[in-house]
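Examination of the molecular architecture
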Amino acid sequence: MAISDGQFITSGNLRLWTERFGDPGHPAVLLIMGTSTPGIGWPDELVQTLVAGGRQVIRYDHRDTGRSDCVDFAAHPYTLADMAGDALAVLDAYGVASAHVAGVSLGGAIAQWLAAHRPERVTTLTAIMTGPMGADAGPAWARAMAGEEPDPDDLPPPAPHLLQHFLRAAATPPATREEAVAAGVETWRALNGGVLPFDEQAARRLTEDSHDLTANPAAAANHDLAGRQMTEDRLVPLSAIKAPALVVHGTADPLRPLPHGEALAAAIPHARLERIDGMGHSLLSPGLPGQVAELILRHTA
């Protein structure tokens, strides 16, 4: 697989680690990862499939992950719009005027923000295992955690087994690298959804590398703080999105159940919803990265 050397680029006063794969003359696909996960969360198999299909691929480490700079969130809080600004800075650094933008989970919300607010930079939109960027899932989560009945207007909260996993993890925070890696693997196992096979080796490698690449592993939790801020810019009607949109969602997603993807596809004009049987809230199942890549290739053809 052809690859340029990874490089740091700047977004405001932050340095972000980026990588570009493939021929720079080919159409660009910008991959935006999800919460608390660096660019390597996009499996090499997915990247290689896109490159073999005639795309150049750019992935990067969010602020507070991987080799990118960490932020003192209490002193300098940031929002989804700021993270979208990072994505634009990556495109600018590589001289890409407009890209096929694909985002997973929180990255899918960032991709929506770009399509809604900077449409000239988004050739196509692919939103994977995410929901509408203006839908605040916090209240539904809180009601579920408290054992209360859901509000009829809520999108469904995470599956009970995943809520229980989060409660146990919060009660026993890891004290060592080994404990952090073990906890990370178990979180990915819970997110996988229990239907498709779980690639434990890939999950361990991702968790170890994510932990070891960053100067401050705890900083990744800032993404949760940023994601909860339902700022006015996130409430723009998704009907304003003009880019051809593909929504990819798993039928066994325990974090954002399928109605989240269905609601997103219904909100964007002419969006196509592609359901993947058994997919949970991760790409850590054998063969799944290639399957998702093929969907992106067809959508960006």
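Scroll up a little and you will see the structure.
These remarks concern the structure in this document. (Residues numbered from 1 in each chain as written. Predicted model: local features only at pLDDT ≥ 70, side-chain atom pairs only at ≥ 80, totals over all residues. Heavy atoms only, no water.)

A word on the overall build of the protein. Scanning the protein from terminus to terminus reveals 10 helices and 8 strands. Relative to the globule expectation of 19 Å for 301 residues, the C-alpha radius of gyration of the protein, 18 Å, shows essentially globular dimensions. Dimensions of the protein along its principal axes, counting C-alpha atoms only, are 55 × 45 × 40 Å. Contacts spanning at least 24 positions in sequence make up 73% of the contacts within the protein whose residues lie at least 6 apart. Computed over 21 positive and 35 negative side-chain charges, the inter-centroid distance for the protein is 4 Å. (Helix = DSSP H or I, 4+ residues; strand = E, 2+ residues; numbered from the N terminus. Rg over C-alpha atoms; globule rule 2.2 N^0.38 Å. Contact = heavy atoms within 4.5 Å. Lys, Arg positive; Asp, Glu negative; His and termini not counted. Charge placed at Lys NZ, Arg CZ, Asp CG, Glu CD.)

On to helix 2 (residues 80-93). Taking 1.5 Å of rise per residue, the 14 residues of helix 2 would be expected to cover 20 Å, and the 20 Å separating its terminal C-alpha atoms lies within 8% of that figure. The set of residues buried in helix 2 consists of Leu 80, Met 83, Ala 84, Asp 86, Ala 87, Leu 88, Ala 89, Val 90 and Leu 91. (Expected span 1.5 Å × (residues − 1). Buried < 20%, exposed > 50% of the residue type's maximum accessible area, 1.4 Å probe, protein only.)

All right, on to the packing of aromatic side chains then. Taken as a whole, this structure holds 2 aromatic pairs when the rule is applied. Relative to Trp 17, the ring of Phe 8 has its centre 5.0 Å away and its plane inclined at 70°; by these criteria the two rings are edge-to-face. The interplanar angle of 75° and the centroid separation of 5.0 Å between the aromatic rings of Phe 73 and Tyr 78 together place this pair among those described as edge-to-face. Tyr 78 carries the same exposure label as Phe 73, and that label is buried. Directly above the ring of Phe 8 sits Arg 15, whose terminal nitrogen or CZ lies 3.9 Å from the centroid. Its guanidinium or amino end placed over the ring of Trp 17, Arg 67 lies 4.4 Å from that ring's centre, counting from NZ or CZ. (Phe/Tyr/Trp six-rings, centres within 6.5 Å; stacked < 30°, edge-to-face > 60°. Lys NZ or Arg CZ within 6 Å of the ring centre and 35° of its normal.)

This part takes up unusual backbone geometry. Even without being a glycine, Ser 105 presents a positive backbone phi close to 60°. Checked against the element boundaries, Ser 105 lands in the loop between strand 5 (99-104) and helix 3 (106-117). Even without being a glycine, His 270 presents a positive backbone phi close to 65°. Counting through the fold element by element, His 270 comes out in the loop between helix 9 (258-267) and strand 8 (272-276).

Moving on: the sheet that holds strand 2 (residues 14-21). In space, the 8 strands of this open sheet follow the order 1-2-4-3-5-6-7-8, with mixed pairing throughout. Of all the strands in the sheet, the pair left with one neighbour each is strand 1 (7-11) and strand 8. Averaged over all neighbouring strand pairs, the angle between strand axes comes to 25°, with direction disregarded. Of the strand pairs in this sheet, strand 3 (residues 28-32) and strand 5 are connected by 4 bridges, and their pairing is parallel. The residue bridging Leu 31 from the neighbouring strand is Ala 102, located in strand 5. Strand contacts of helix 1 (residues 44-52): strand 2, strand 3 and strand 4 (56-60), with the helix running at about 150° to strand 4, the strand carrying the most contacts. Helix-sheet contacts for helix 10 (residues 288-300) involve strand 5, strand 6 (122-128), strand 7 (245-250) and strand 8, and the interaxial angle to strand 6 is about 150°. (Pairing = 2+ DSSP bridges. Axes fitted to C-alpha atoms, helices over the stretch in contact; angles between N-to-C directions.)

Leu 30, Ile 32, Val 90, Ile 110, Leu 114, Leu 125 and Ile 268 are the most contacted members of the largest nonpolar core, which totals 45 residues. Here Val 90 is in contact with Ile 9, Leu 16, Thr 18, Leu 30, Ile 58 and Tyr 60, once residues within four sequence places are set aside. Formed by 25 residues, the second largest nonpolar core is a distinct cluster that contains Phe 21, Met 33, Met 129 and Ile 296. (Core = buried A, V, L, I, M, F, W, Y, C linked by side-chain atoms within 4.5 Å.)

On to helix 7 (residues 200-213), then. Because each turn of an α-helix spans 3.6 residues, side chains separated by three or four positions end up pointing in the same direction. Helix length check: helix 7, at 14 residues, gives a terminal C-alpha distance of 20 Å against a target of 20 Å (1.5 Å per residue), a fit within 8%. Inspection of helix 7 places Ala 202, Ala 203, Leu 206, Thr 207 and Ser 210 among the buried residues, and these make up the whole buried set. Seen along its axis, helix 7 keeps its buried residues to an arc of 130°; they face one direction. Next to the buried residues of helix 7 lie helix 6 (177-192). (Arc of directions from axis to C-beta.)

The next point concerns the layout of surface pockets. Taken as a whole, the second largest pocket holds about 360 Å³ of empty space. In terms of lining, the second largest pocket is formed by 18 residues, of which the most central are Ile 40, Pro 43, Asp 44, Ala 202 and Arg 205. Those elements that provide at least two residues to the lining of the second largest pocket are helix 1 and helix 7. Here the residues of the lining of the second largest pocket are counted per class, giving 9 nonpolar, 3 polar and 6 charged. (1 Å grid on protein atoms, 1.4 Å probe; cavity = no way out; pocket = protein on both sides within 12 Å on 5 of 7 lines; lining within 4 Å. Points joined across faces, edges and corners; volume = space filled by probe spheres on them. Nonpolar A, V, L, I, M, F, W, Y, C, P; charged D, E, K, R; others polar.)

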